[in-house]
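# Secondary and tertiary structure notes
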Amino acid sequence: MATLINSLLSHEQSAHLAEQVMAYCDELAHISQTLGIIDRRYLTPEHKQANDKLAQWAAQSQLQHWEDEAGNQWIRLPAQQQDNLPHEAPRVIMGSHTDSVPDGGRYDGPLGVVGPLVLLKHFAESRVQFPFHLDVVGFGDEEGTRFGSTLLGSSAICGMWQSRWRELTDENGVSLAQAMYDFGLDVSKVSEAQIDSSRVLAYLETHIEQGPVLEERGKPLAAVKGIAGARRFNITLKGQAGHAGTVPMVLRHDPLVIASHWITQVQQMATATSDSEFPVVATVGRLEVRPGAVNVVPGEVRMSLDIRSLSDEARDAVFDSLQELLEVEAAFHQLECQFEPTHNASAVSCNDEMTRSLNQLVTHYFGDSAPLVSGAGHDAMALAMRVPATMLFVRCKGGVSHHPDESIMTSDAAAALQVMAAFVTDIARKAT
Ligand SMILES: [Zn+2]
C-alpha cells in the first residue's frame, strides 16, 4: 500500500491546510442572494455559483467533479487501479450541505464540504490514493429554508425523495419542479441521483457542534453517536379571565399560574435525566397569555413544548409523565387542557463501529472526548438509514450557529482535518 504512506497529516500539514479551509469558507460566504448577509438557498443562482466554485477548486487539483440530478455537487479522488478491483470500486463519502438559513453563518454546512475537499486536493497533489473512491458531496438543501422541507439533497441520494415534493412552493410561489428547471435540472430525473448504498463503506459528516459542550470541555472535537429524535406540541390551557381587583384569589382559574408551575416541572424532569444513558432535553420556548392585560387575570395560555433524546422511549416516558401532570393539575383547577402534536421525528443512531473508531482517533490525537448526541438535524440522518454513517463535531464559539457570529478556530479546523485523514486511512487499512 505504497499509496497510503502519506495519507496521515502532520501537525504542520493540517495547520497549513486549515488556512485554506478557512479561506474557502470565507469565499463561499460571499455567495449570497441577499446583500450584506449570508443567505444561500436551494436551487438559486447562488446555489449554482457555490457548486461551480467547488468544482473549480476541485479542477485545480485534477479531481473529478459533477453535479447530480438533485443539484448536489460531487468531487472525487478516484480509487487506485487494482487488478483485482471489482468492476465498480467501493466509495467512502464525506460531506455536508452548502445551503444556509437567511442571515446564517459561514461554517454550518460548508465546513463539512470544503474541509474534506481541501483534504482531497492535498491527497491528489501528494499522489495519495485509496482502494476506494474518496468522494465529497455538498448537499444543495439541508436547512429546508426555501421549500419548507428539510434534507432534500441527502434524501435524493438515499432514494428517499418523495414525488409530492415537486409541488412544494417557495415564498414567491415558485414550485420546486420549476426551480429545478430554472436551475438546469429535470424533476422527473431526481431518482437518478440515488447512489448504490451497497458500495458505500462509510459516510462521515463533519459539522460545527452548534452547542457549547466542546467549549465547556476545552476539546476541539468529538464523535457523534446519534441525532436526537424530537417531538413538538402546541399546548392550550383555558381558564377564566377576570378583573385583577375584584376576583378573590381563592376563586380564580388562572391558567398562567398552572402553566408556570408546569414549566418548572418540565425543566426539573428533563434535568433529572442528565446523568442517565439517554438524557432528555425539553424546552417551553413560546408562551402567549390572553388577554394579556396588566389588570386582567389570564383566561388562556398557549405554549409550545419541544422534547428530544437519542432514545425515543426515554423521551416519550418523560413526555407522558409531563402530559399527565398538566392534565391532572388542569382538572383540579377546572381548566381545559389540550395537547396538539405538531412534529414527531425518531432518533437516528450513528453506526456503532464507525463512531467507535472515530472516537478512538479523536482520543488518540486530542485526548478523551466522549461522543456527543446531536440535538439538531443533519444530512447524516438520511445517510444513516442506508449506509454506515457517523459525524464529527467541531467546537464553535459560544455554541452559536444559524447566526453571522458563527465562529471556529483555525486550529480546530486543523484538528478536524487530521482526524478525517486518519479516519479514511483506517478504513483503507481495514479494506485491504
Ligand atoms: Zn448544518
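Residues numbered from 1 in each chain as written. Predicted model: local features only at pLDDT ≥ 70, side-chain atom pairs only at ≥ 80, totals over all residues. Heavy atoms only, no water.

Below, the discussion takes up the UniProt feature "binding site: Zn(2+) 2" (unreviewed entry) in the protein chain. Here, the residues flagged by UniProt with the feature "binding site: Zn(2+) 2" (unreviewed entry) are Asp 108, Glu 143 and His 402. In three dimensions, the annotated residues from a span of 295 residues occupy one location, with a maximal C-alpha spread of 10.0 Å. You can see Asp 108 is positioned in the loop between β3 (91-97) and α3 (111-125). Relative to the elements of secondary structure, His 402 occurs in the loop between β16 (389-394) and α11 (410-431). The partly exposed category is assigned to His 402, whose relative accessible area is 37%. (UniProt positions renumbered as here; feature names shortened; annotations may be inferred. Helix = DSSP H or I, 4+ residues; strand = E, 2+ residues; numbered from the N terminus. Buried < 20%, exposed > 50% of the residue type's maximum accessible area, 1.4 Å probe, protein only.)

Quick look at the domain arrangement of the protein chain now. The assigned domain composition of the protein chain is domain 1 (2-227 + 347-431) and domain 2 (229-345). Area buried by domain 1 at its contact with domain 2 is led by Ala 347, Val 373 and Gly 375, which between them contribute 68% of it. Applying the counting rule to domain 1 against domain 2 returns zero salt bridges. For the interface between domain 1 and domain 2, the tally reads two residue pairs in polar contact (both at pLDDT 80 or more). Of the residues forming the side of domain 1 that touches domain 2, the biggest block, three residues, is contributed by strand β6 (residues 221-227). (Domains from an automatic or database assignment. Buried area = accessible area lost by both parts, 1.4 Å probe. Salt bridge = Lys/Arg side-chain N within 4 Å of Asp/Glu carboxyl O. Polar contact = N/O pair within 3.5 Å; in protein donor to acceptor, adjacent residues only side chain to side chain.)

Below, the discussion takes up the environment of Glu 215. Its place among the elements puts Glu 215 in helix α6 (residues 213-217). Classification of Glu 215 by relative accessible area gives partly exposed; the value is 38%. When neighbours within four sequence positions are excluded, Glu 215 is seen to be in contact with Glu 209, Arg 395, Cys 396, Lys 397, Gly 398 and Gly 399. At a separation of 3.0 Å, a polar atom in the side chain of Glu 215 contacts the main-chain amide nitrogen of Gly 398. (Contact = heavy atoms within 4.5 Å.)

What follows deals with the coordination of the zinc ion. Taken together, His 97 (NE2), Asp 108 (OD) and His 207 (NE2) make up the protein donors of the zinc ion, found 2.0 to 2.1 Å from the metal. Of note, the zinc ion draws all its donor residues from one chain, in the sequence arrangement H-x10-D-x98-H. Residue Asp 108 is located in the loop between β3 and α3, and its partner His 207 is located in strand β5 (residues 200-208); the two are separated by 99 residues in the primary sequence. The exposure classification of Asp 108 matches that of His 207, with both residues buried. (Donors = N, O, S within 2.8 Å, 3.2 Å for Na, K, Ca; no water.)

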